[in-house]
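Here is what each chain is made of, one letter per residue.
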Amino acid sequence: MLTIARMPLVLGWHVSGVVEAVGMGVTLFKPGDEVFGMLPYPGGVGAHAEYVTAPARVFAHKPAGIDHVQVGALPLAALTAYQALVDTAGVRTGQRVLIHAAAGGVGHLAVQIAKSRGAYVIGTASAAKRDFLRSLGVDEVIDYHSVDFAEAVSDIDVVLDSISRDAAARARSLAVLRPGGTLVSILPVPVDAAELAAIAERGIRYESLIVEADQAGMQAIAALAETGALRAHIEATFPLAEAAKAHALGETGRTTGKIVLTVREGGKAQIAGQALQDVFERGDTAIVDRLVRPDYIQHNPLAPDGPDALKFFSSTMRQQFPAATFTPRRAISDGDLVLLHSRSVLVPGTPGMAVFDIFRFQDGKIAEHWDILQEVPATTANGNDMFATLSRPRTEASGQRWFTAYHKKLVTAFLDELLVRKDLAAIDTYVGAEYHEHSPTIPDGVAGLKAGLGAYFEQFPQLSVVPKRVIAEGDLVAVHSHYIDTPGERGRAALDLFRVRDGKIVEHWDASQGMPESAANDNTMF
């Protein structure tokens, strides 16, 4: 009834992206800001599109270091859970909370929100979801196929109900609540006055919730996500053109967590980023079977080829560094290649490493991998860290995609003149006046770049630089090269990442790694 008069209808309520423009009087955001939020519900549909328009108050700034696929899965589902558990039920430390369909889109986020409030959480789900829910911190998992939750639990303070469509079903949830408990339904189903009166007579509070766009709630969700207390599990991603396939998957009722539509060609980048975080930070090697080809080729000198070797390598790393974190900062997709720029901290409290990973995809799965790792020094020649964005707009997402080919050509010409021909005059031609440098050994600015590279060329007059592959998306261009400072040496694998704005290079990040004498595979680093 809400939508039939509006056909054809653009679906979707939650969205994450980059602000393109703002209306008169908007002061919360500016073009280039990365934001996420939920369009007004239920009438504000339209998120499944290249562009959306919505009131500024429905958005919040995207948490730093978390990609758009991850936060794009949060708004509607996380707001539903937050408004039910926090705003409505007021869940607090020590309370017993029962969450139905705990592995679902709303349920798995509700679990994390309840745990962040100090609650004891019980979740209903199929037996196959038990390990997943345990990984989220669920204290008890009830297999609804074999166990009647109404007989298995009691003395519950709060029930989050996403399954009861009639009085008989609600009665089973009401039966487990203690006097003074709260039942919050997130299904828009009618409840007659007689049933409401009977519930009240038992001293139980009943609330029916329909989620609403709420900036304060979004900011609370952003804070939870930024601290790692809230994370959406992504079942699958689909390009926008395959939205029908995404809906068909969701309608099976067998998914875990969320399904995400990617508007641009960033789907591969999100898959690669999720794979790295799940494997090396969370120790979830099951994702390897889903995302990595059986004939996987590895160029990291420490790891053999093949998916099984990747699992073993990651397990060994997890055993050695159980508190390791992996934070993607930038992602570039270019055809079948994806580049990720990340910060990896193996031991908490240490500066960590700058990491560049390159993935080649084939038939939707990861087929090949190169990487470069460099330790972050305590100090730098320019005062900048190896990860921040300083050029404007200060977004880590690639922009100006219509200039991708032009930017790739510009950076390729710059490196040919500067590093191959050793012509410092190329800096004046290609580098912008407000140039920001993140290489720890080179000073900031145009003058600093000239001085730093001039000294480098003087120290190594026979320097050889051979670019191997160029990956570009929008204003970000990465060049993977073989550097040999002195003839006869094995040299270094290096990755230079440039940002181009208005026809000038305005920012540079890099990392380099020496090539070892031997490797665990028969491949080079290139």
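For the structure itself, consult the block above.
All values reported here derive from a predicted model rather than from experimental measurement.

> Would you mind showing me how to read the packing of helix H2 (residues 75–88) against helix H3 (residues 107–116) here?
The angle between the axes and the distance between the axes are what describe a pair of packed helices. Contact geometry of H2 with H3 gives a least axis separation of 9 Å together with a crossing angle of 45°. Regarding the angle of H2 to H3, the classification is oblique. In this structure, the crossing between H2 and H3 has a hand that is right-handed. The residues of H3 that touch H2, namely those facing Ala77, Ala78, Ala81, Tyr82, Leu85 and Val86, are Leu109, Ala110, Ile113 and Ala114. By residue class, the composition of the contact of H2 with H3 is 10 nonpolar, no polar and no charged.

> Explanation requested: the sheet that holds strand S6 (residues 140–143) in the structure shown.
Backbone hydrogen bonds are what pair the strands of a sheet, in a parallel or an antiparallel way. One open sheet accounts for six strands, arranged S6-S5-S4-S7-S8-S9; its pairing is parallel. A strand with exactly one partner marks an edge of an open sheet, and here the two such strands are S6 and strand S9 (205–208). Taking each pair of neighbouring strands and ignoring which way they run, the sheet shows an average axis angle of 15°. Of the strand pairs in this sheet, strand S7 (residues 156–161) and strand S8 (residues 177–185) are connected by five bridges, and their pairing is parallel. Opposite Asp161, over in S8, you have Ser185 as the bridge partner. Each of strand S4 (96–99), S7, S8 and S9 is contacted by H2, which is oriented at about 155° to S7, the strand it contacts most. Taken strand by strand, H3 contacts S4, strand S5 (120–125) and S7, and its axis lies near 170° from that of S4.

> How do you make sense of the pattern of salt bridges when you look at a structure like this?
For side chains of opposite charge, pairing can occur when their charged atoms come near one another. Going through the model one piece at a time under the given rule, you end up with 17 salt bridges. Across the pair Lys30 and Asp33 runs a salt bridge whose closest N-O atoms are separated by 3.1 Å. On the basis of relative accessible area, Lys30 is assigned to the exposed category, the value being 51%. The class of Asp33 is buried, set by a relative accessible area of 11%. For Arg231, the salt bridge goes to Asp278, with nearest N and O atoms at 3.0 Å. Of this pair, Arg231 sits in the loop between helix H8 (215–226) and strand S10 (234–239) while Asp278 is found in helix H10 (residues 267–281), placing the two residues 47 residues apart along the sequence. You'll find Arg231 and Asp278 in the same group, each marked buried. Taken together, the shared-partner salt bridges connect Asp475, Arg499 and Arg501 into one network.

What counts, and where the lines are drawn
Residues numbered from 1 in each chain as written. Predicted model: local features only at pLDDT ≥ 70, side-chain atom pairs only at ≥ 80, totals over all residues. Heavy atoms only, no water. Axes fitted to C-alpha atoms, helices over the stretch in contact; angles between N-to-C directions. Helix = DSSP H or I, 4+ residues; strand = E, 2+ residues; numbered from the N terminus. Parallel < 35°, antiparallel > 145°, perpendicular 65-115°, else oblique. Left-handed = near helix turned anticlockwise from the far one by under 90°. Contact = heavy atoms within 4.5 Å. Nonpolar A, V, L, I, M, F, W, Y, C, P; charged D, E, K, R; others polar. Pairing = 2+ DSSP bridges. Salt bridge = Lys/Arg side-chain N within 4 Å of Asp/Glu carboxyl O. Buried < 20%, exposed > 50% of the residue type's maximum accessible area, 1.4 Å probe, protein only.

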